[in-house]
Each structure stands twice: as C-alpha cells, then as structure tokens.
Amino acid sequence: MTTRSNRASTTSTARKTRAFIHYFDQHPTEEDLMGESTAQSTLIFYLQQVLTWMARIERWFVVSNLNIYRAKQRYEYPLAPDLAVFKGVDITNRASRALRSWRLYQPDRPAPSVVFEISSDSTWEDDLELKPAKYAAMGVQEYFVYDPNDPPYWPINDGRLRGWYRSEGTLVEQTKDEQGRLWSNELQSWLVSDGAYLRLYDNAGQQRPTESEAARTAEATERLAKETARTAEANERLAKERAWAKLRELGIDPTDL
C-alpha cells in the first residue's frame, strides 16, 4: 500500500533527479520572435551545407541557432549564433533530446571555434557592436558577420563582410586583403563577398563546395574522363586506318604484317 508519505518521498526524489532546464530552452527569445528574411535563411542554409561538407572528415559539429549558455542559471539569456562550428566535437546522435542547447559549464562542451552571424534590419548593429565582446567572453576564436541584403543595412563604406580573431583574450577586427577577402585560420579558408552569398575558398583558390556541388563536379569530371578516353580511342582507330590505307597504296597488305 502506497502511503502519502511514500508518494511525497517519490515526488521529492524525482524533482532532485530531474534534468536542469534553462528557461529559454522552453520559451522564445527576442531573436526567435524576429524571424528571418529570405536573404538570411538562404545564406545560413548554404553556409551550413558548405561547412558540413568540409567537416565530413574532421571531428566538427556545425549547427545553426543552438542556444549557448555559459553558466547553470535558469534565466541566463543565451547566445544563439546563426552558425557555430565546434571543432574537435563528435556528436553521434544529433537527434538526442539532451542536445536542446549547448552548455559550456558541462564537461566536453567547448566554446565554438568559429561563429557566423548573418545580419538583418533588426540585428546588424548588435552583430557589429555588441556581439564581438560577447563571443570573446565565451571563448570564440573567430567571429564573422555578413550582410546579404540588397541594399545592405550596414553603412556603405563597411562593405558586406567583417571579421574578428582572438588575440590575448579579446576579439580583434581583421583587416581585409587587397582583394577584399578575410582569412579564416580555423577554417583554412578565404572568405569572399559575393552579393547575397558568402563564399569560402581554399588556399589554392578552389571554392569550397556543398555536398551536392561536390557530387556534380565529380560526375562532370567522370564524364569528361570517359569522353576523353573515347576520343583517344577514336583517334587511335583513325590513325590506324590511315596507316593501313597508306600501306595499301604502296601495295602492302596490312594483314600480312
């Protein structure tokens, strides 16, 4: 028979063992309520595909809009980057309910190495003025901001791309090269403005593809190789036929050779 005392004890034990829940894992943030423009969502999706394909061999975790907390405080307001790259992190079950947010105070939960924010009308000032310090305090190594909108929301002289790198505990703004590019040491890639898109290139000048782009390139390369082989075979047959014809003109039967 279960007594009231036993039920109370069971309830008390369940409360003690219940997983800690951050308030904003169950309630929308201001950013959630803002929504995304087509320019934002298109670029975020594209960059996530590029970075995920880059990370297929490395132990990287690439994620979009995941709440990140620094302390075990129920009402801490999270940072949720448009894109975050966690290097050296292998998430085997990304559908796990335990992965509803990223908690830096837990073991094996490092800060993201690289963060991207894609600016909108309501976020661009925070992206440029406030978030560099916030991401520096979190431990981020590199921070990049891009404005894909037409026309851009940023002041015209700022272009579309800006970036920061970690130095002595703070994020220091990078200087673009003569071509207007920024180098990401963490991603070993050049970041290049391309209107509504932000492209990544390796040090040899090859554009970093998505998985589908890589597959199309591989298919095109295979088709070209087959066509080249067929052309070589056809040329060899033609050369042989011409040689045989020349021998016949000289009264020599090629089959006797």
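For the structure, check the block above.
Engineer: What is the right way to read a negative patch on the surface from this model?
Structural biologist: Together, Glu30, Glu31, Asp32, Asp121, Glu125, Asp126 and Glu129 give the surface a local cluster of negative charge. Listed by contribution, the elements that provide at least two residues to the negative patch are α2 (30–34) and α4 (124–129).

Engineer: How do you make sense of the sheet that holds strand β7 (residues 161–167) when you look at a structure like this?
Structural biologist: By way of backbone hydrogen bonds, the strands of a sheet pair with one another, either parallel or antiparallel. Read across the sheet, six strands follow the order β1-β3-β5-β6-β7-β8 without closing on themselves; strand pairing throughout is mixed. Across the chains shown, the open sheet's two edge strands, defined by having one partner strand only, are β1 (60–63) and β8 (170–173). On average, each strand axis in the sheet is inclined to that of its neighbour by 15°, with strand direction left out of account. In this sheet, β7 lies alongside strand β6 (residues 142–146) in antiparallel orientation, the contact comprising five bridges. When the sheet's bridge partners are listed, Tyr143 is paired in β7 with Trp164. In this fold helix α5 (residues 131–138) packs onto β5 (114–118), β6, β7 and β8, with an angle of close to 140° to the strand it touches most, β8.

Engineer: Would you mind showing me how to read the nonpolar core here?
Structural biologist: Note that soluble globular proteins tend to have their nonpolar side chains buried in a common cluster. Counting residues in each nonpolar core, the largest one holds 24 residues, and the members touching the most others are Phe61, Phe86, Trp102, Tyr135, Met138 and Tyr143. Listed by contribution, the elements that provide at least two residues to this core are β1, β3 (83–87), α4, α5 and β6. If we ignore the near neighbours within four places in the chain, the residues touching Met138 are Ile68, Arg70, Leu79, Leu104, Ala111 and Pro112. The next biggest cluster of nonpolar side chains, apart from the first, holds 23 residues, and it includes Ala55, Ile118, Leu191 and Leu198.

Engineer: Help me out: how do you make sense of the pattern of salt bridges in this one?
Structural biologist: Pairing is possible between side chains that carry opposite charge, provided their charged atoms lie close to one another. A complete count under the given rule lists nine salt bridges for this structure. Ionic pairing is found between Asp158 and Arg162, a salt bridge with its closest N-O pair at 3.6 Å. Exposure remark for Asp158: the relative accessible area of 26% places this residue in the partly exposed category. By relative accessible area, Arg162 is classed as buried at 17%. Between Asp177 and Arg181 there is a salt bridge, and its shortest N-O distance comes to 2.8 Å.

Engineer: Whenever I open this one, α5 confuses me. Can you help?
Structural biologist: Spacing of three or four residues puts side chains on the same side of an α-helix, whose turn is 3.6 residues. Every buried residue of α5 is listed here: Lys131, Pro132, Tyr135, Ala136 and Met138. Along the axis of α5, the buried residues cluster in a sector spanning 160°; they form a single face. Just beyond α5, the residue with positive phi is Gly139, at close to 105°.

Engineer: When you look at the pairing of β8 in this model, what are you seeing that I'm missing?
Structural biologist: Regular strands have side chains that alternate between both faces of the sheet. Where β7 meets β8, four bridges bridge the pair, whose relative direction is antiparallel. In the strand pairing of β8, Trp164 is matched with Glu173.

Engineer: Hey, could you run me through the layout of surface pockets in this one?
Structural biologist: Rolling a probe over the atoms, with the probe sized like a water molecule, indicates the empty space that remains. Space inside the largest pocket adds up to approximately 620 Å³. Surrounding the largest pocket, 30 residues form its lining, Thr29, Glu31, Asp32, Ala80 and Lys131 being those nearest its centre. Looking at the lining of the largest pocket, the elements that each hand over two or more residues are α2, β5, α4 and α5. Counting residues per element, the lining of the largest pocket draws most heavily on α2, at four residues. Tallied by class, residues from the lining of the largest pocket come to nine nonpolar, nine polar and twelve charged. If you add up the space inside the second largest pocket, you get close to 270 Å³. Surrounding the second largest pocket, 16 residues form its lining, Trp53, Met54, Arg56, Leu187 and Arg208 being those nearest its centre. Along the lines of polarity and charge, the residues of the lining of the second largest pocket split into six nonpolar, four polar and six charged.

Parameters at a glance
Residues numbered from 1 in each chain as written. Predicted model: local features only at pLDDT ≥ 70, side-chain atom pairs only at ≥ 80, totals over all residues. Heavy atoms only, no water. Patch = residues over 30% accessible without salt bridge, like charges linked within 9 Å, V, L, I, M, F, W, Y side chains within 5 Å. Areas by Shrake-Rupley, 256 points an atom, 1.4 Å probe, with all protein chains shown as cover. Salt bridge = Lys/Arg side-chain N within 4 Å of Asp/Glu carboxyl O. Lys, Arg positive; Asp, Glu negative; His and termini not counted. Charge placed at Lys NZ, Arg CZ, Asp CG, Glu CD. Helix = DSSP H or I, 4+ residues; strand = E, 2+ residues; numbered from the N terminus. Pairing = 2+ DSSP bridges. Axes fitted to C-alpha atoms, helices over the stretch in contact; angles between N-to-C directions. Contact = heavy atoms within 4.5 Å. Core = buried A, V, L, I, M, F, W, Y, C linked by side-chain atoms within 4.5 Å. Buried < 20%, exposed > 50% of the residue type's maximum accessible area, 1.4 Å probe, protein only. Arc of directions from axis to C-beta. 1 Å grid on protein atoms, 1.4 Å probe; cavity = no way out; pocket = protein on both sides within 12 Å on 5 of 7 lines; lining within 4 Å. Points joined across faces, edges and corners; volume = space filled by probe spheres on them. Nonpolar A, V, L, I, M, F, W, Y, C, P; charged D, E, K, R; others polar.

Just distances and angles here, no functional claims.
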